[in-house]
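These are the residues of each chain, in order.
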Amino acid sequence: MISRSPALLLLALGATGALASPVAAPAPTPAPSLDNALQKRASCTFSGSNGASSASKSQGSCATIVLSNVAVPSGTTLDLSDLEDGTHVIFEGTTTWGYKEWTGPLLQIEGKDITITGASGSVLNPDGARWWDGEGGNGGKTKPKFFAAHDLTGSSSIVNLNIQNTPVQAVSINGCDGLTVTNMVIDNSAGDSEGGHNTDGFDIGSSSGVTITGAKVYNQDDCVAVNSGTDITFSGGLCSGGHGLSIGSVGGRDDDTVENVTFKDSTVTKSQNGIRIKAVAGATGTIQGVTYSGITLSDIENYGILIEQNYDGGDLHGDPTSGVPITDLVIENITGSGGVESDAYNVAIVCGSGACSGWTWSGVSVSGGKKYGSCQNVPSVASC
């Protein structure tokens, strides 16, 4: 029998580490924050004829996507509709599209907290003259719509985009919440002499909290058309060559509610109309809380101010109806002295019975044209 002294036993145990202090379990690794995730993702640059497809395939792994002189093939959408939250998209140089008769869109961007920027000197130019035939979406060649800015939410923004020569409608804003658009240029002025038609600037539907500031639109249709939506503001803008600042047409769509829309501090020139609100005859819907304030009109060809509840695809057709009431309308500080052409009408208002109420009408100076002789059910505060 071998015996060991307590001292030798302690020494032996110490040598083997059997009595070492216990080691704490490792702390769990925290989930990465959005900021950390963005830092780990790459900044990616795409260019040339393969740039569109490569950007589309890689969009989920790039914190910043730089599109530098991308040439999008014919019949192809530059598709960035599956971006990670917080992605920054930058256009550099000239982005072009090949020619094909199809419906488009040529560009589609969606996501949350997305920033879309046009670098200095950049241009998005689909060369719409190849499709222009004077018929727009009403016939002739099948023309692709340009930019589907859909489902942009959170704090998304579009800054300094320069768009030229779209085949038909330029920018469709739909399903957006919290989108801001700053200093966008939409220049389809070449279409004045080359057959541009239905080249709407901004078509807005089913969106809320949209703010457009400092836009310049040269085109051959509505500068802005709010077809449905709430809390929408267009300010500091210039509209030239088109159909003016429009609500509607409202009625006959899946969403026929327009509420709290403001057009302010903007100029409409060389256009068919200045201010226009279109409610579809026989339809139902709501136009409430629309404000036009600080609008300057010049060289207006048809109507300085046109408000109608008998729109049927054309202006002022037949008897007005009351299914789309126009309430709480504010028309104030409208400068258009001599701004309407002599064979046009200064103001035309055609309302259904009891369907126009709660209006404010002040500081309206629109002249140069004729008096419209068929106004109906005009609120007492307004003049027609």
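Residues numbered from 1 in each chain as written. Predicted model: local features only at pLDDT ≥ 70, side-chain atom pairs only at ≥ 80, totals over all residues. Heavy atoms only, no water.

**Student:** How do you make sense of the nonpolar core when you look at a structure like this?
**Tutor:** Looking at soluble globular proteins, one finds that nonpolar side chains tend to be buried together. With 85 residues, the main nonpolar core has Ile173, Phe202, Ile247 and Tyr292 as its most contacted residues. Broken down by element, this core gets its largest block of residues, nine residues, from strand 23 (residues 286–311). In terms of nonpolar packing, the next biggest core, distinct from the first, is built from six residues, Tyr303, Leu316, Ala348 and Tyr372 among them. (Core = buried A, V, L, I, M, F, W, Y, C linked by side-chain atoms within 4.5 Å. Buried < 20%, exposed > 50% of the residue type's maximum accessible area, 1.4 Å probe, protein only. Helix = DSSP H or I, 4+ residues; strand = E, 2+ residues; numbered from the N terminus.)

**Student:** Is there a simple way to think about unusual backbone geometry in this case?
**Tutor:** Note: most peptide bonds trans; most residues except glycine with negative phi. Residues glycine 104 and proline 105 are joined by a peptide bond in cis, for which omega reads 5°. Assignment of secondary structure puts proline 105 in the loop between strand 5 (94–97) and strand 6 (107–112). A cis amide bond links glycine 248 with the next residue in sequence, serine 249, at an omega value of 25°. Checked against the element boundaries, serine 249 lands in strand 21 (residues 245–250). Look at aspartate 151: it is not a glycine, yet its phi comes out positive at around 55°. As for its position among the elements, aspartate 151 is in strand 9 (residues 147–153). Take aspartate 151: its relative accessible area is 40%, and that puts it in the partly exposed class.

**Student:** Got a minute to help me understand the pattern of salt bridges in this structure?
**Tutor:** A full pass over the atoms with the stated rule returns five salt bridges. Here lysine 278 ties to aspartate 222 by a salt bridge, and the two come within 3.9 Å at their closest N and O atoms. One end of the pair, lysine 278, is in strand 22 (residues 257–280); the other, aspartate 222, is in the loop between strand 17 (216–218) and strand 18 (224–226), and 56 residues separate them in sequence. Neither residue differs from the other here; lysine 278 and aspartate 222 are each classed as buried. In the salt-bridge network here, residues are joined through shared partners; they are Asp222, Arg276, Lys278 and Asp315. (Salt bridge = Lys/Arg side-chain N within 4 Å of Asp/Glu carboxyl O.)

**Student:** Just checking my understanding: could you explain a negative patch on the surface for this structure?
**Tutor:** Judged by side-chain charge, Asp299, Glu301, Glu341 and Asp343 come together as a negatively charged surface patch. Among the structural elements, aspartate 299 can be located in strand 23. (Patch = residues over 30% accessible without salt bridge, like charges linked within 9 Å, V, L, I, M, F, W, Y side chains within 5 Å. Areas by Shrake-Rupley, 256 points an atom, 1.4 Å probe, with all protein chains shown as cover. Lys, Arg positive; Asp, Glu negative; His and termini not counted. Charge placed at Lys NZ, Arg CZ, Asp CG, Glu CD.)

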